[in-house]
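Each chain, letter by letter, is given below.
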Amino acid sequence: MVTLAEVAQHAGVSASTVSYVLSGKRSISTTTRHRVEQSIRELGYHPNAGARALASSRSNIIALMVPLRTDMYVPVMMEIAIAVATTARTHGYDVLLLTGEEGPDAVRRVTGSGLADAMILMDVELDDERLPLLRGTDQPSVLIGLPADTSGLTCVDLDFRATGALCVEHLAKLGHRDIAVIGEAPAVYERHTGFAERTLDGLRSRALELGVRLLHRPCDGGYDAMAVTVARILDERPSTTGFVVQNEQAVEPLLALLRQQGRAVPEDVSVVAICPEQVALQASVRLTSVSIPAQEMGRHAVERLAAKLEGRGEDEVVLLEPELTVRSSTGPAPSAS
């Protein structure tokens, strides 16, 4: 790795001159600046984040860890990421986006390199392998998501357990007694991803309380996978009249398959979605839905992280209350009409 001293020697200047060129804190002649910049390019020098912030002992950067997995709905993840970036900027921070599936290694890289002052973690699992490292470091962090054990952590999320319960309550009030849940891809549940597990817990618990039969089937999304899943559901529970969908990629295939089978929405079958509002509004039938408050989640996470960096924040769990918006996709169950 090329050092600042080697750049100085190559450019024929002092190390402090190179530092001034990088920081812009002192006026350097145009000729000298160009010579230093030429040496930086030729040697491939990359200044350490910590070296750039010696005066303040801070990088003014927040690391955002958002693994972009093929089984997750990336537009939602990126909407949260944009909210994090725009809110961070208002607090004087830039955002370093880490998109690899590195797990604990990514946390070690950030805490050990001085790349960032703090971290925000997304795609949180119930027993997330990154959490012991977070609890063992003094570097501030916030999770967008909820693990099984939140002690010693600050977490922001939609209350997905309440979200699941709200969906069941809505359909039950309309007289639906057999409800099928089309969930995320199987891999999401295999990882025990927090939001999916908590939604399912809320669905099952409330269905049991209300005496509603519930069937849950994960689905990879897409037409072919959805066709297999719907056929299986209707074979196992022919009396199903209500669907809850927590899989954005399955929404339109489901509606298309129901049309092909002559099942009208909402006259024969009702559909509730847990999805971004844009997905609900642009579907072929405007969907009754619980919206994912991506911008609020990102904003709340940064505000709590900024408070921690200023020495004001304490560990807390912030759960955003779900809101169900009734649109064209839900109506009375056929037997209750």
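Criteria and thresholds
Residues numbered from 1 in each chain as written. Predicted model: local features only at pLDDT ≥ 70, side-chain atom pairs only at ≥ 80, totals over all residues. Heavy atoms only, no water. Phe/Tyr/Trp six-rings, centres within 6.5 Å; stacked < 30°, edge-to-face > 60°. Helix = DSSP H or I, 4+ residues; strand = E, 2+ residues; numbered from the N terminus. Buried < 20%, exposed > 50% of the residue type's maximum accessible area, 1.4 Å probe, protein only. 1 Å grid on protein atoms, 1.4 Å probe; cavity = no way out; pocket = protein on both sides within 12 Å on 5 of 7 lines; lining within 4 Å. Points joined across faces, edges and corners; volume = space filled by probe spheres on them. Domains from an automatic or database assignment. Contact = heavy atoms within 4.5 Å. Core = buried A, V, L, I, M, F, W, Y, C linked by side-chain atoms within 4.5 Å. Buried area = accessible area lost by both parts, 1.4 Å probe. Salt bridge = Lys/Arg side-chain N within 4 Å of Asp/Glu carboxyl O. Polar contact = N/O pair within 3.5 Å; in protein donor to acceptor, adjacent residues only side chain to side chain. Nonpolar A, V, L, I, M, F, W, Y, C, P; charged D, E, K, R; others polar. Pairing = 2+ DSSP bridges.

Our next topic: the packing of aromatic side chains. Enumeration according to the criterion identifies one aromatic pair in this entry. Between F160 and F195, the aromatic rings sit 5.6 Å apart at their centres with planes inclined by 55°, giving tilted as the arrangement. Here the residue F160 occupies a position in helix α8 (residues 160-173), and F195 occupies one in helix α10 (residues 194-210), the gap between them amounting to 35 residues. Both residues of the pair, F160 and F195, count as buried.

This part is about the layout of surface pockets. Here the largest pocket defines a volume of roughly 470 Å³. Along the wall of the largest pocket there are 27 residues; nearest its centre are P276, E277, S291, I292 and P293. Where the lining of the largest pocket is concerned, the elements lending two or more residues are α5 (74-90), α12 (251-260), α13 (277-282), β10 (288-291) and α14 (294-309). Ranked by residue count, the leading element in the lining of the largest pocket is α13, at four residues. Shared between two domains, the lining of the largest pocket holds at least three residues of each, these being domain 2 (61-158 + 294-320) and domain 3 (160-291 + 324-336).

The next subject is unusual backbone geometry. Residue V265 is joined to P266 through a cis peptide bond whose omega torsion reads 15°. As for its placement among the helices and strands, P266 is situated in the loop between α12 and β9 (270-275). We note that N60 has phi near 60°; this positive angle belongs to a residue other than glycine. For N60, the location among the structural elements is in the loop between α4 (49-52) and β1 (61-65). According to the relative accessible area criterion, N60 is partly exposed, its value standing at 34%. Its identity is not glycine, yet D123 carries a phi of approximately 55°, on the positive side. With respect to the secondary-structure elements, D123 resides in the loop between β3 (118-121) and α7 (131-135).

Before going further, it helps to spend a moment on the environment of A165. Locating A165 in the fold gives a position in helix α8. Taking the C-alpha atoms as reference points, A165 and I82, 83 residues apart in sequence, are found 29 Å from one another. Sequence-distant contacts of A165, that is, excluding residues within four places in its chain, are made with G202, L203 and R206.

Let us look at the nonpolar core. When a protein is soluble and globular, its nonpolar side chains tend to lie buried together. Core analysis: the biggest nonpolar cluster contains 48 residues, and I80, I120, I144 and V244 have the highest contact counts within it. Not counting residues within four places of it along the chain, the set of residues in contact with V244 comprises C167, L171, I179, A180, V181, I182, L203, V272 and I274.

The next point concerns the domain arrangement of the protein. Parsing the protein into structural domains produces domain 1 (4-47), domain 2 (61-158 + 294-320) and domain 3 (160-291 + 324-336). The partner domain 3 presents 18 residues to the 14 residues of domain 2 that form the contact. When domain 2 packs against domain 3, close to 1,400 Å² is buried across both sides, 58% of that on carbon and sulfur atoms. When the buried surface of domain 2 facing domain 3 is broken down by residue, D71, Y73 and L158 rank first, second and third, together holding 42% of it. The tally of links between domain 2 and domain 3 comes to two salt bridges. Residue R191 is joined to D71 by a salt bridge in which the shortest nitrogen-to-oxygen separation is 2.9 Å. Here domain 2 is connected to domain 3 by six residue pairs in polar contact (both at pLDDT 80 or more). The class makeup of the residues in the side of domain 2 that touches domain 3 is nine nonpolar, no polar and five charged.

All right, on to the sheet that holds strand β6 (residues 178-183) then. Reading across the sheet, the six strands line up as β7-β6-β8-β9-β10-β12 and stay open at both edges, with mixed pairing between neighbours. The open sheet has two edge strands, β7 (213-218) and β12 (324-325), and neither has a second partner. Bridge count between strand β8 (residues 242-245) and β9: four bridges; the pairing is parallel. Note on β9: the bridge partner recorded for V245 is A273.

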